[in-house]
Amino acid sequence: MTLSQEAELAAPSGPNSGSAADEAAGLRWRPGFAELGPAFHTRLRPTPLPAPYWVGRSDAVAKALGLDPAWWSSDDALAAFTGNRLLDGSDPLATVYSGHQFGVWAGQLGDGRAILLGETDGGFELQLKGAGRTPYSRMGDGRAVLRSSIREFLCSEAMHGLGIPTTRALCVTGSDAPIRRETLETAAVVTRVSPSFIRFGHFEHFAANQRDDELRALADFVIDRFYPECRATGRFGGNAYAALLEAVSERTAVLLAQWQAVGFCHGVMNTDNMSILGLTIDYGPFQFLDAYVPGHICNHSDTSGRYAFNQQPNVAYWNLFCLAQALLPLIGEQDVAVAALESYKTVFPREFESRMRAKLGLAESSESTASDRPLIEGALKLLAQEKIDYTIFWRRLSDSVASGDRQPVRDLFIDRDGIDNWLQSFAERRGATPASEAAARMRRANPKFVLRNHLGQQSIDQALQKDFSGVADLLNVLESSFEDHPGHAEFAGFPPDWASTIEISCSS
Ligand code: AMP
Ligand code: MG
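Residues numbered from 1 in each chain as written. Chains lettered and ligands numbered in written order. Predicted model: local features only at pLDDT ≥ 70, side-chain atom pairs only at ≥ 80, totals over all residues. Heavy atoms only, no water.

A. Main features of the site of ligand 1. By nearness alone, 17 residues border ligand 1, and G110, G112, R138, G142 and N273 come closest of all. The contact in question runs from an oxygen atom of ligand 1 to an N or O atom on the backbone of G110, over 2.6 Å. Computed on the free molecule, ligand 1 has an accessible area of 480 Å², of which 82% lies beneath the protein chains in the complex. Here the residues of the shell around ligand 1 sort into 2 nonpolar, 7 polar and 8 charged. (Near = heavy atom within 4 Å. Polar contact = N/O pair within 3.5 Å; in protein donor to acceptor, adjacent residues only side chain to side chain. Areas by Shrake-Rupley, 256 points an atom, 1.4 Å probe, with all protein chains shown as cover. Nonpolar A, V, L, I, M, F, W, Y, C, P; charged D, E, K, R; others polar.)

B. Examining helix α11 (residues 334-359) more closely. Between the first and last C-alpha of α11 there are 39 Å, a value that for 26 residues agrees with the 38 Å anticipated at 1.5 Å per step. At V347, α11 shows its maximal bend, which comes to roughly 25 degrees, and the proline P349 appears one to four places after that position. One or two steps after α11, the chain reaches G361, where phi turns positive at roughly 75 degrees. (Helix = DSSP H or I, 4+ residues; strand = E, 2+ residues; numbered from the N terminus. Expected span 1.5 Å × (residues − 1). Bend = angle between axes of the 7 residues up to and from the residue.)

C. Fine view of unusual backbone geometry. The phi torsion at F102 lies on the positive side, around 50 degrees, for a residue other than glycine. Tracing the backbone through its elements, the reader meets F102 in the loop between β6 (98-101) and β7 (104-108). Backbone geometry places K387, a non-glycine residue, at a positive phi of 50 degrees. Positionally, K387 belongs in the loop between α12 (373-386) and α13 (390-403).

D. Spotlight on the packing of aromatic side chains. A full pass over the atoms with the stated rule returns 23 aromatic pairs. Ring centres of W71 and F81 lie 5.6 Å apart, and the angle between their planes is 80 degrees; this geometry places the pair in the edge-to-face category. With a gap of 10 residues between them, W71 in helix α3 (residues 69-72) and F81 in the loop between α4 (75-80) and β5 (93-95) connect regions that are remote in the sequence. Take F81: its relative accessible area is 0%, and that puts it in the buried class. Each ring, one from Y292 and one from Y390, has its centre 5.3 Å from the other, and the planes form 25 degrees; the classification is stacked. You can see Y292 sitting in the loop between β14 (287-288) and α10 (312-331) and its partner Y390 sitting in helix α13, a full 98 residues away along the chain. Y390 carries the same exposure label as Y292, and that label is buried. Through pairs of rings, three or more aromatic residues link up here, namely Y292, F309, Y390, F393, W394, F413, W422 and F426. The positively charged end of R57 is found above the aromatic ring belonging to W54, 4.4 Å away from the centroid. Positioned above the aromatic ring of F236, the side-chain terminus of R235 is 4.8 Å from the ring centre. (Phe/Tyr/Trp six-rings, centres within 6.5 Å; stacked < 30°, edge-to-face > 60°. Buried < 20%, exposed > 50% of the residue type's maximum accessible area, 1.4 Å probe, protein only. Lys NZ or Arg CZ within 6 Å of the ring centre and 35° of its normal.)

E. Molecular detail of the pattern of salt bridges. Following the criterion strictly, the structure yields 33 salt bridges and no others. Between D141 and R181 there is a salt bridge whose closest N-O contact spans 2.8 Å. Of this pair, D141 sits in the loop between β9 (125-129) and β10 (144-145) while R181 sits in the loop between β11 (168-180) and β12 (184-194), and the two are 40 residues apart along the sequence. According to the relative accessible area criterion, D141 is partly exposed, its value standing at 22%. The buried category is assigned to R181, whose relative accessible area is 19%. The closest approach of N and O atoms between D224 and R231, which form a salt bridge, is 2.9 Å. Its relative accessible area of 47% is what places D224 among the partly exposed residues. Beyond isolated ion pairs, a larger network of salt bridges with shared partners links K129, E152, R192, R199 and D282. (Salt bridge = Lys/Arg side-chain N within 4 Å of Asp/Glu carboxyl O.)

F. Quick peek at the nonpolar core. F81, L170, F203, F393, L397 and W422 are the most contacted members of the largest nonpolar core, which has 155 residues in total. Among the elements that make up this core, the one with the highest residue count is helix α9 (residues 240-262) (15 residues). Here W422 is in contact with L360, L375, G378, A379, L382, F393 and L397, once residues within four sequence places are set aside. (Core = buried A, V, L, I, M, F, W, Y, C linked by side-chain atoms within 4.5 Å. Contact = heavy atoms within 4.5 Å.)

G. Structural view of the packing of helix α7 (residues 212-226) against α10. It is the contact of α7 with α10, at a shortest axis distance of 10 Å, that shows an interaxial angle of 100 degrees. Between α7 and α10, the crossing angle belongs to the class labelled roughly perpendicular. Contacts between α7 and α10 involve D212, L215, R216 and A219 from the first element and A326, P329 and L330 from the second. Residues that form the contact of α7 with α10 fall into these classes: 5 nonpolar, no polar and 2 charged. (Axes fitted to C-alpha atoms, helices over the stretch in contact; angles between N-to-C directions. Parallel < 35°, antiparallel > 145°, perpendicular 65-115°, else oblique.)

Written out as C-alpha coordinates, the structure is:
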(Lines give C-alpha, C1' and ligand atoms only; values in the text may rest on other atoms or scores of the structure.)
(Ligands and ions follow the chains in the order given, each with its own letter.)
Protein backbone atom coordinates (compact mmCIF):
# COMPACT_ATOMS: atom_id res chain seq x y z
CA MET A 1 0.00 0.00 0.00
CA THR A 2 1.37 3.45 -0.86
CA LEU A 3 1.48 6.28 1.64
CA SER A 4 -1.26 8.25 -0.09
CA GLN A 5 -3.54 5.21 -0.14
CA GLU A 6 -2.98 4.77 3.58
CA ALA A 7 -3.77 8.43 4.22
CA GLU A 8 -6.97 8.10 2.25
CA LEU A 9 -8.13 5.12 4.28
CA ALA A 10 -7.26 6.95 7.47
CA ALA A 11 -9.28 10.05 6.60
CA PRO A 12 -11.74 11.27 9.24
CA SER A 13 -15.10 9.60 8.98
CA GLY A 14 -17.35 12.62 9.52
CA PRO A 15 -19.79 12.93 12.42
CA ASN A 16 -20.98 9.55 13.56
CA SER A 17 -24.59 8.98 12.71
CA GLY A 18 -24.96 5.32 13.75
CA SER A 19 -26.43 4.08 17.00
CA ALA A 20 -24.12 4.05 20.02
CA ALA A 21 -24.00 0.28 20.06
CA ASP A 22 -22.71 -2.65 18.08
CA GLU A 23 -25.55 -5.06 18.72
CA ALA A 24 -23.80 -8.08 17.21
CA ALA A 25 -20.69 -7.54 19.31
CA GLY A 26 -22.71 -6.84 22.43
CA LEU A 27 -20.87 -3.55 22.88
CA ARG A 28 -22.59 -0.33 23.89
CA TRP A 29 -20.66 2.91 23.81
CA ARG A 30 -20.95 5.90 26.08
CA PRO A 31 -19.42 9.35 25.80
CA GLY A 32 -15.89 9.47 27.11
CA PHE A 33 -12.60 11.14 26.27
CA ALA A 34 -14.06 12.42 22.98
CA GLU A 35 -16.29 14.77 24.96
CA LEU A 36 -13.27 16.82 25.98
CA GLY A 37 -13.33 18.28 22.50
CA PRO A 38 -11.09 18.66 19.47
CA ALA A 39 -8.19 20.29 21.34
CA PHE A 40 -7.48 16.89 22.83
CA HIS A 41 -7.66 14.59 19.85
CA THR A 42 -8.04 14.04 16.13
CA ARG A 43 -10.85 11.90 14.80
CA LEU A 44 -9.71 9.37 12.24
CA ARG A 45 -10.08 5.77 11.13
CA PRO A 46 -7.75 2.83 11.60
CA THR A 47 -5.87 1.79 8.47
CA PRO A 48 -6.79 -1.77 7.39
CA LEU A 49 -4.28 -4.59 7.17
CA PRO A 50 -4.49 -7.40 4.58
CA ALA A 51 -5.63 -10.94 5.48
CA PRO A 52 -5.58 -10.74 9.29
CA TYR A 53 -5.37 -13.79 11.58
CA TRP A 54 -5.74 -14.35 15.30
CA VAL A 55 -2.50 -14.50 17.26
CA GLY A 56 -3.72 -14.32 20.85
CA ARG A 57 -7.11 -13.98 22.52
CA SER A 58 -8.09 -13.37 26.12
CA ASP A 59 -11.49 -14.85 26.90
CA ALA A 60 -11.28 -13.29 30.36
CA VAL A 61 -11.09 -9.78 28.91
CA ALA A 62 -13.80 -10.59 26.35
CA LYS A 63 -16.02 -11.64 29.23
CA ALA A 64 -15.20 -8.53 31.26
CA LEU A 65 -16.22 -6.44 28.25
CA GLY A 66 -19.42 -8.44 27.86
CA LEU A 67 -18.66 -9.38 24.25
CA ASP A 68 -21.17 -11.68 22.64
CA PRO A 69 -19.44 -15.11 22.70
CA ALA A 70 -20.49 -16.09 19.17
CA TRP A 71 -19.43 -12.73 17.77
CA TRP A 72 -16.09 -12.87 19.65
CA SER A 73 -15.23 -15.98 17.63
CA SER A 74 -16.33 -14.53 14.31
CA ASP A 75 -14.42 -13.11 11.36
CA ASP A 76 -16.25 -9.90 12.03
CA ALA A 77 -14.49 -9.63 15.40
CA LEU A 78 -11.16 -10.38 13.72
CA ALA A 79 -11.80 -7.58 11.24
CA ALA A 80 -12.92 -5.16 13.95
CA PHE A 81 -9.87 -5.74 16.16
CA THR A 82 -7.50 -5.36 13.23
CA GLY A 83 -9.04 -2.02 12.31
CA ASN A 84 -10.52 -3.37 9.09
CA ARG A 85 -14.15 -2.85 10.04
CA LEU A 86 -15.47 -0.11 12.26
CA LEU A 87 -17.66 -1.28 15.14
CA ASP A 88 -21.10 0.31 14.95
CA GLY A 89 -21.29 3.43 17.05
CA SER A 90 -17.51 3.70 17.41
CA ASP A 91 -16.04 7.10 16.63
CA PRO A 92 -12.28 6.53 16.69
CA LEU A 93 -9.71 9.13 17.60
CA ALA A 94 -6.05 9.62 18.46
CA THR A 95 -5.11 11.80 21.43
CA VAL A 96 -2.39 14.41 21.72
CA TYR A 97 0.18 14.45 24.51
CA SER A 98 3.76 15.50 25.10
CA GLY A 99 6.40 14.29 27.50
CA HIS A 100 9.90 13.93 28.85
CA GLN A 101 11.82 11.11 27.23
CA PHE A 102 15.01 9.91 28.92
CA GLY A 103 14.96 13.01 31.12
CA VAL A 104 14.70 15.47 28.25
CA TRP A 105 11.67 17.47 27.14
CA ALA A 106 10.54 15.87 23.87
CA GLY A 107 7.72 18.24 22.95
CA GLN A 108 4.60 16.98 21.26
CA LEU A 109 4.17 13.23 20.91
CA GLY A 110 0.67 11.74 20.99
CA ASP A 111 -0.97 8.49 19.94
CA GLY A 112 1.30 7.85 16.98
CA ARG A 113 0.03 4.33 16.46
CA ALA A 114 -2.80 3.88 18.94
CA ILE A 115 -6.38 4.58 17.97
CA LEU A 116 -9.10 4.86 20.58
CA LEU A 117 -12.29 3.18 19.43
CA GLY A 118 -14.38 4.60 22.25
CA GLU A 119 -15.57 3.85 25.76
CA THR A 120 -18.00 1.04 26.55
CA ASP A 121 -20.89 1.54 28.91
CA GLY A 122 -19.01 -0.68 31.34
CA GLY A 123 -16.33 2.02 31.55
CA PHE A 124 -13.63 0.41 29.41
CA GLU A 125 -11.80 2.28 26.69
CA LEU A 126 -10.83 0.12 23.71
CA GLN A 127 -7.71 1.06 21.83
CA LEU A 128 -6.09 -0.49 18.77
CA LYS A 129 -2.30 -0.29 18.98
CA GLY A 130 -0.55 -0.54 15.64
CA ALA A 131 -3.61 0.41 13.58
CA GLY A 132 -1.91 2.89 11.29
CA ARG A 133 -0.69 6.43 11.05
CA THR A 134 -2.17 9.33 12.96
CA PRO A 135 -1.34 13.04 12.95
CA TYR A 136 0.99 12.23 15.87
CA SER A 137 3.02 9.54 14.11
CA ARG A 138 5.91 11.91 13.33
CA MET A 139 8.43 9.75 11.43
CA GLY A 140 6.80 6.47 12.46
CA ASP A 141 4.70 4.14 10.34
CA GLY A 142 1.85 3.83 12.84
CA ARG A 143 2.43 0.10 13.04
CA ALA A 144 3.55 -2.42 15.65
CA VAL A 145 5.42 -5.62 14.86
CA LEU A 146 4.35 -9.12 15.86
CA ARG A 147 7.04 -9.74 18.51
CA SER A 148 6.34 -6.60 20.53
CA SER A 149 2.58 -7.06 20.22
CA ILE A 150 2.76 -10.58 21.63
CA ARG A 151 4.94 -9.30 24.48
CA GLU A 152 2.48 -6.52 25.29
CA PHE A 153 -0.51 -8.85 25.12
CA LEU A 154 1.03 -11.50 27.36
CA CYS A 155 2.53 -9.09 29.84
CA SER A 156 -0.67 -7.08 30.26
CA GLU A 157 -2.52 -10.22 31.24
CA ALA A 158 0.40 -11.57 33.27
CA MET A 159 0.50 -8.38 35.33
CA HIS A 160 -3.22 -8.61 35.89
CA GLY A 161 -2.75 -12.21 37.01
CA LEU A 162 -0.12 -11.00 39.48
CA GLY A 163 -2.56 -8.47 40.90
CA ILE A 164 -0.54 -5.52 39.59
CA PRO A 165 -2.47 -2.55 38.16
CA THR A 166 -2.20 -2.53 34.38
CA THR A 167 -3.92 -1.81 31.13
CA ARG A 168 -5.42 -5.05 29.83
CA ALA A 169 -5.21 -6.69 26.41
CA LEU A 170 -8.12 -8.34 24.65
CA CYS A 171 -6.31 -9.80 21.68
CA VAL A 172 -3.54 -9.64 19.11
CA THR A 173 -4.21 -10.03 15.44
CA GLY A 174 -1.49 -10.40 12.84
CA SER A 175 -1.03 -9.80 9.15
CA ASP A 176 1.77 -10.69 6.77
CA ALA A 177 2.02 -7.03 5.74
CA PRO A 178 5.74 -6.23 5.86
CA ILE A 179 6.96 -3.74 8.46
CA ARG A 180 10.48 -2.35 8.38
CA ARG A 181 12.45 -2.17 11.63
CA GLU A 182 16.11 -3.21 11.82
CA THR A 183 14.97 -6.09 9.64
CA LEU A 184 11.78 -6.77 7.73
CA GLU A 185 9.04 -8.00 10.09
CA THR A 186 5.26 -8.38 9.97
CA ALA A 187 2.44 -6.26 11.39
CA ALA A 188 0.18 -6.91 14.35
CA VAL A 189 -2.48 -5.02 16.28
CA VAL A 190 -3.08 -5.27 20.03
CA THR A 191 -6.51 -4.33 21.34
CA ARG A 192 -5.82 -2.67 24.67
CA VAL A 193 -8.46 -2.12 27.32
CA SER A 194 -8.34 0.34 30.20
CA PRO A 195 -10.59 2.71 32.13
CA SER A 196 -8.35 5.40 30.65
CA PHE A 197 -5.14 5.77 28.68
CA ILE A 198 -4.48 9.29 29.98
CA ARG A 199 -0.81 9.82 30.77
CA PHE A 200 1.22 12.38 32.72
CA GLY A 201 2.18 13.62 29.25
CA HIS A 202 -1.37 14.70 28.47
CA PHE A 203 -1.14 17.24 31.30
CA GLU A 204 2.38 18.27 30.34
CA HIS A 205 1.16 18.97 26.82
CA PHE A 206 -1.41 21.59 27.78
CA ALA A 207 0.80 23.08 30.49
CA ALA A 208 3.72 23.49 28.07
CA ASN A 209 1.42 25.24 25.59
CA GLN A 210 0.03 27.53 28.31
CA ARG A 211 -3.47 26.29 27.63
CA ASP A 212 -4.80 26.53 31.15
CA ASP A 213 -8.45 26.08 30.16
CA GLU A 214 -7.74 22.73 28.53
CA LEU A 215 -5.44 21.77 31.40
CA ARG A 216 -8.26 22.43 33.85
CA ALA A 217 -10.82 20.59 31.70
CA LEU A 218 -8.53 17.55 31.58
CA ALA A 219 -7.91 17.59 35.33
CA ASP A 220 -11.63 17.99 36.01
CA PHE A 221 -12.38 15.09 33.67
CA VAL A 222 -9.90 12.84 35.48
CA ILE A 223 -11.08 13.90 38.94
CA ASP A 224 -14.79 13.52 38.15
CA ARG A 225 -14.34 10.08 36.67
CA PHE A 226 -11.54 8.50 38.61
CA TYR A 227 -10.74 10.54 41.70
CA PRO A 228 -14.05 12.03 42.88
CA GLU A 229 -12.85 11.90 46.49
CA CYS A 230 -10.37 14.68 45.61
CA ARG A 231 -13.23 17.16 45.64
CA ALA A 232 -14.64 15.98 48.93
CA THR A 233 -11.43 15.78 50.90
CA GLY A 234 -10.46 18.71 53.04
CA ARG A 235 -6.80 18.08 52.13
CA PHE A 236 -4.84 21.13 51.02
CA GLY A 237 -7.63 23.47 52.04
CA GLY A 238 -10.01 21.89 49.54
CA ASN A 239 -7.58 22.26 46.60
CA ALA A 240 -8.83 19.36 44.44
CA TYR A 241 -5.89 19.59 42.03
CA ALA A 242 -3.37 19.21 44.84
CA ALA A 243 -5.42 16.30 46.14
CA LEU A 244 -5.27 14.78 42.64
CA LEU A 245 -1.50 15.08 42.58
CA GLU A 246 -1.30 13.43 45.98
CA ALA A 247 -3.65 10.62 44.93
CA VAL A 248 -1.68 9.96 41.72
CA SER A 249 1.56 10.01 43.73
CA GLU A 250 0.14 7.40 46.08
CA ARG A 251 -1.09 5.13 43.30
CA THR A 252 2.24 5.45 41.51
CA ALA A 253 4.07 4.60 44.73
CA VAL A 254 1.94 1.48 45.18
CA LEU A 255 2.61 0.48 41.57
CA LEU A 256 6.37 0.93 41.90
CA ALA A 257 6.39 -1.07 45.13
CA GLN A 258 4.64 -3.91 43.31
CA TRP A 259 7.04 -3.74 40.38
CA GLN A 260 10.03 -3.85 42.70
CA ALA A 261 8.68 -6.70 44.80
CA VAL A 262 7.94 -8.90 41.79
CA GLY A 263 11.17 -7.96 39.97
CA PHE A 264 9.59 -6.10 37.05
CA CYS A 265 11.59 -3.61 35.06
CA HIS A 266 9.52 -1.36 32.75
CA GLY A 267 12.41 -0.16 30.65
CA VAL A 268 11.00 3.12 29.26
CA MET A 269 9.62 5.17 32.12
CA ASN A 270 9.23 8.35 30.09
CA THR A 271 6.50 10.68 31.38
CA ASP A 272 4.36 9.82 28.34
CA ASN A 273 4.44 6.20 29.52
CA MET A 274 3.10 7.01 33.01
CA SER A 275 -0.59 6.39 33.59
CA ILE A 276 -2.60 8.98 35.50
CA LEU A 277 -4.40 6.00 37.07
CA GLY A 278 -1.19 4.40 38.33
CA LEU A 279 -1.42 1.51 35.86
CA THR A 280 1.42 -0.24 34.10
CA ILE A 281 1.16 1.07 30.54
CA ASP A 282 3.06 0.83 27.24
CA TYR A 283 4.90 -2.44 27.40
CA GLY A 284 8.07 -2.17 25.33
CA PRO A 285 11.50 -3.43 26.36
CA PHE A 286 10.26 -4.57 29.80
CA GLN A 287 11.73 -7.52 31.63
CA PHE A 288 11.07 -9.64 34.67
CA LEU A 289 14.42 -10.18 36.35
CA ASP A 290 16.00 -13.56 35.91
CA ALA A 291 19.08 -13.20 38.15
CA TYR A 292 18.69 -10.58 40.88
CA VAL A 293 20.93 -7.79 39.61
CA PRO A 294 19.70 -4.53 41.13
CA GLY A 295 21.29 -2.37 38.44
CA HIS A 296 19.94 -4.49 35.59
CA ILE A 297 19.12 -2.54 32.41
CA CYS A 298 16.51 -4.26 30.29
CA ASN A 299 16.26 -1.71 27.49
CA HIS A 300 19.08 -2.08 24.98
CA SER A 301 18.52 1.57 23.92
CA ASP A 302 19.04 2.81 27.52
CA THR A 303 22.79 3.25 27.34
CA SER A 304 23.06 5.32 30.54
CA GLY A 305 20.94 2.99 32.65
CA ARG A 306 18.43 5.73 33.47
CA TYR A 307 15.69 3.10 33.67
CA ALA A 308 17.70 0.36 35.38
CA PHE A 309 15.68 -1.84 37.76
CA ASN A 310 16.87 -0.12 40.93
CA GLN A 311 16.40 3.36 39.46
CA GLN A 312 12.69 2.89 38.83
CA PRO A 313 11.38 4.20 42.19
CA ASN A 314 13.40 7.41 41.88
CA VAL A 315 12.44 7.86 38.24
CA ALA A 316 8.76 7.56 39.15
CA TYR A 317 9.25 10.37 41.66
CA TRP A 318 11.05 12.45 39.01
CA ASN A 319 8.11 11.85 36.67
CA LEU A 320 5.63 12.86 39.36
CA PHE A 321 7.63 16.06 39.74
CA CYS A 322 7.01 16.74 36.03
CA LEU A 323 3.32 16.13 36.61
CA ALA A 324 3.40 18.51 39.57
CA GLN A 325 4.99 21.16 37.40
CA ALA A 326 2.28 20.66 34.80
CA LEU A 327 -0.47 20.95 37.40
CA LEU A 328 1.05 24.04 39.03
CA PRO A 329 -1.18 26.54 37.20
CA LEU A 330 -4.17 24.72 38.71
CA ILE A 331 -2.70 24.06 42.14
CA GLY A 332 -1.47 27.63 42.52
CA GLU A 333 1.18 27.41 45.22
CA GLN A 334 4.46 25.64 44.61
CA ASP A 335 4.69 24.69 48.30
CA VAL A 336 1.34 22.97 48.09
CA ALA A 337 2.43 20.97 45.03
CA VAL A 338 5.62 19.89 46.78
CA ALA A 339 3.61 18.87 49.85
CA ALA A 340 1.29 16.78 47.64
CA LEU A 341 4.28 14.95 46.17
CA GLU A 342 5.57 14.08 49.64
CA SER A 343 3.14 11.18 49.91
CA TYR A 344 5.26 9.23 47.43
CA LYS A 345 8.16 9.21 49.88
CA THR A 346 6.10 7.67 52.64
CA VAL A 347 3.86 5.38 50.61
CA PHE A 348 6.58 3.75 48.49
CA PRO A 349 8.73 2.39 51.36
CA ARG A 350 5.68 1.40 53.37
CA GLU A 351 4.14 -0.48 50.45
CA PHE A 352 7.43 -2.05 49.41
CA GLU A 353 7.98 -3.43 52.89
CA SER A 354 4.45 -4.64 53.06
CA ARG A 355 4.84 -6.53 49.76
CA MET A 356 8.16 -7.99 50.85
CA ARG A 357 6.70 -9.09 54.19
CA ALA A 358 3.98 -10.85 52.22
CA LYS A 359 6.69 -12.61 50.19
CA LEU A 360 8.16 -13.76 53.51
CA GLY A 361 4.74 -14.98 54.59
CA LEU A 362 4.69 -12.59 57.52
CA ALA A 363 1.31 -11.29 58.51
CA GLU A 364 0.88 -7.55 58.79
CA SER A 365 1.66 -6.88 62.39
CA SER A 366 1.08 -4.00 64.71
CA GLU A 367 4.76 -4.13 65.64
CA SER A 368 7.10 -1.51 64.25
CA THR A 369 7.51 -2.34 60.58
CA ALA A 370 11.12 -1.27 60.84
CA SER A 371 11.82 -4.59 62.54
CA ASP A 372 11.51 -6.55 59.28
CA ARG A 373 13.76 -4.30 57.27
CA PRO A 374 17.01 -6.11 58.11
CA LEU A 375 15.46 -9.45 57.18
CA ILE A 376 14.27 -8.13 53.80
CA GLU A 377 17.52 -6.34 53.07
CA GLY A 378 19.48 -9.39 54.17
CA ALA A 379 17.72 -11.58 51.62
CA LEU A 380 18.16 -9.08 48.81
CA LYS A 381 21.85 -8.67 49.65
CA LEU A 382 22.43 -12.42 49.43
CA LEU A 383 20.49 -12.64 46.16
CA ALA A 384 22.52 -9.79 44.67
CA GLN A 385 25.86 -11.20 45.84
CA GLU A 386 25.37 -14.43 43.96
CA LYS A 387 22.99 -13.19 41.25
CA ILE A 388 20.37 -15.73 42.30
CA ASP A 389 17.28 -16.20 40.17
CA TYR A 390 14.73 -13.91 41.79
CA THR A 391 11.48 -15.79 41.08
CA ILE A 392 12.90 -19.24 41.78
CA PHE A 393 14.39 -18.14 45.11
CA TRP A 394 11.07 -16.87 46.46
CA ARG A 395 9.08 -19.84 45.23
CA ARG A 396 11.60 -22.33 46.60
CA LEU A 397 11.53 -20.47 49.91
CA SER A 398 7.73 -20.79 49.94
CA ASP A 399 8.00 -24.52 49.22
CA SER A 400 10.67 -24.99 51.88
CA VAL A 401 8.45 -23.42 54.52
CA ALA A 402 5.71 -25.85 53.50
CA SER A 403 7.94 -28.95 53.52
CA GLY A 404 10.42 -28.01 56.23
CA ASP A 405 13.24 -28.92 53.81
CA ARG A 406 15.73 -26.07 53.42
CA GLN A 407 18.02 -27.88 51.01
CA PRO A 408 16.48 -26.67 47.73
CA VAL A 409 16.99 -23.10 48.92
CA ARG A 410 20.54 -23.74 50.16
CA ASP A 411 21.37 -25.36 46.82
CA LEU A 412 20.94 -22.03 45.08
CA PHE A 413 23.88 -20.51 46.99
CA ILE A 414 27.62 -20.99 47.08
CA ASP A 415 27.82 -19.08 50.38
CA ARG A 416 26.02 -21.66 52.52
CA ASP A 417 26.87 -19.91 55.79
CA GLY A 418 25.28 -16.72 54.55
CA ILE A 419 22.01 -18.35 53.55
CA ASP A 420 21.95 -20.62 56.64
CA ASN A 421 22.24 -17.61 58.92
CA TRP A 422 19.52 -15.80 57.05
CA LEU A 423 17.22 -18.85 57.07
CA GLN A 424 17.75 -19.08 60.81
CA SER A 425 16.73 -15.43 61.34
CA PHE A 426 13.75 -16.00 59.07
CA ALA A 427 12.63 -19.05 61.08
CA GLU A 428 12.99 -17.09 64.31
CA ARG A 429 10.92 -14.21 62.96
CA ARG A 430 8.17 -16.61 61.91
CA GLY A 431 8.16 -17.99 65.43
CA ALA A 432 5.11 -20.05 66.20
CA THR A 433 3.18 -19.26 63.02
CA PRO A 434 2.03 -22.62 61.62
CA ALA A 435 4.16 -23.53 58.58
CA SER A 436 1.12 -24.33 56.47
CA GLU A 437 -0.35 -20.91 57.11
CA ALA A 438 2.91 -19.08 56.33
CA ALA A 439 3.53 -21.20 53.22
CA ALA A 440 0.04 -20.59 51.87
CA ARG A 441 0.56 -16.86 52.30
CA MET A 442 3.92 -17.07 50.56
CA ARG A 443 2.52 -18.97 47.60
CA ARG A 444 -0.03 -16.22 47.15
CA ALA A 445 2.74 -13.61 47.11
CA ASN A 446 5.49 -15.43 45.21
CA PRO A 447 4.47 -16.39 41.67
CA LYS A 448 5.70 -19.65 40.26
CA PHE A 449 5.63 -18.16 36.76
CA VAL A 450 6.59 -14.79 35.33
CA LEU A 451 6.85 -13.75 31.69
CA ARG A 452 10.57 -14.22 31.35
CA ASN A 453 12.14 -12.86 28.17
CA HIS A 454 13.03 -16.29 26.84
CA LEU A 455 9.49 -17.61 27.37
CA GLY A 456 8.02 -14.71 25.45
CA GLN A 457 10.67 -15.22 22.77
CA GLN A 458 9.86 -18.91 22.38
CA SER A 459 6.19 -18.12 21.85
CA ILE A 460 7.14 -15.41 19.36
CA ASP A 461 9.38 -17.80 17.42
CA GLN A 462 6.50 -20.27 17.20
CA ALA A 463 4.06 -17.53 16.19
CA LEU A 464 6.38 -16.48 13.39
CA GLN A 465 5.88 -20.03 12.05
CA LYS A 466 2.10 -19.50 12.38
CA ASP A 467 1.87 -21.75 15.44
CA PHE A 468 0.04 -19.70 18.06
CA SER A 469 -0.28 -22.46 20.66
CA GLY A 470 2.72 -21.16 22.59
CA VAL A 471 1.01 -17.79 23.06
CA ALA A 472 -2.17 -19.50 24.28
CA ASP A 473 -0.26 -21.81 26.65
CA LEU A 474 1.69 -18.95 28.20
CA LEU A 475 -1.42 -16.84 28.57
CA ASN A 476 -3.18 -19.70 30.31
CA VAL A 477 -0.34 -20.16 32.81
CA LEU A 478 0.32 -16.48 33.40
CA GLU A 479 -3.34 -15.72 34.11
CA SER A 480 -2.94 -17.73 37.31
CA SER A 481 0.80 -17.59 37.95
CA PHE A 482 0.59 -18.43 41.66
CA GLU A 483 -0.89 -21.85 40.87
CA ASP A 484 1.24 -24.90 40.16
CA HIS A 485 0.30 -25.83 36.57
CA PRO A 486 2.07 -29.21 36.74
CA GLY A 487 1.70 -29.65 32.96
CA HIS A 488 3.88 -26.60 32.37
CA ALA A 489 6.84 -27.10 34.70
CA GLU A 490 9.09 -26.02 31.80
CA PHE A 491 7.86 -22.42 32.18
CA ALA A 492 9.05 -22.36 35.82
CA GLY A 493 12.65 -23.43 35.25
CA PHE A 494 15.90 -21.49 35.13
CA PRO A 495 16.39 -19.43 31.98
CA PRO A 496 18.62 -21.05 29.36
CA ASP A 497 22.01 -19.48 28.63
CA TRP A 498 20.72 -17.86 25.47
CA ALA A 499 18.19 -15.84 27.51
CA SER A 500 20.91 -13.39 28.54
CA THR A 501 21.71 -12.69 24.88
CA ILE A 502 18.18 -11.45 24.07
CA GLU A 503 18.36 -7.75 23.30
CA ILE A 504 15.16 -5.75 23.47
CA SER A 505 15.19 -2.12 22.43
CA CYS A 506 12.66 0.68 21.95
CA SER A 507 12.29 -0.31 18.28
CA SER A 508 9.01 -2.15 18.04
P1 AMP B 1 6.98 4.66 23.01
O2 AMP B 1 8.45 4.73 23.17
O3 AMP B 1 6.48 3.37 22.42
O4 AMP B 1 6.26 5.00 24.27
O5 AMP B 1 6.57 5.76 21.93
C6 AMP B 1 6.91 7.13 22.04
C7 AMP B 1 6.14 7.92 21.02
O8 AMP B 1 6.45 7.48 19.70
C9 AMP B 1 4.64 7.84 21.14
O10 AMP B 1 4.09 9.08 20.80
C11 AMP B 1 4.27 6.78 20.13
O12 AMP B 1 2.95 6.91 19.67
C13 AMP B 1 5.26 7.05 19.03
N14 AMP B 1 5.57 5.87 18.23
C15 AMP B 1 6.29 4.78 18.60
N16 AMP B 1 6.38 3.90 17.59
C17 AMP B 1 5.69 4.43 16.55
C18 AMP B 1 5.40 4.01 15.22
N19 AMP B 1 5.84 2.85 14.73
N20 AMP B 1 4.64 4.82 14.45
C21 AMP B 1 4.18 5.99 14.91
N22 AMP B 1 4.44 6.46 16.13
C23 AMP B 1 5.17 5.68 16.96
MG1 MG C 1 4.51 5.21 24.84
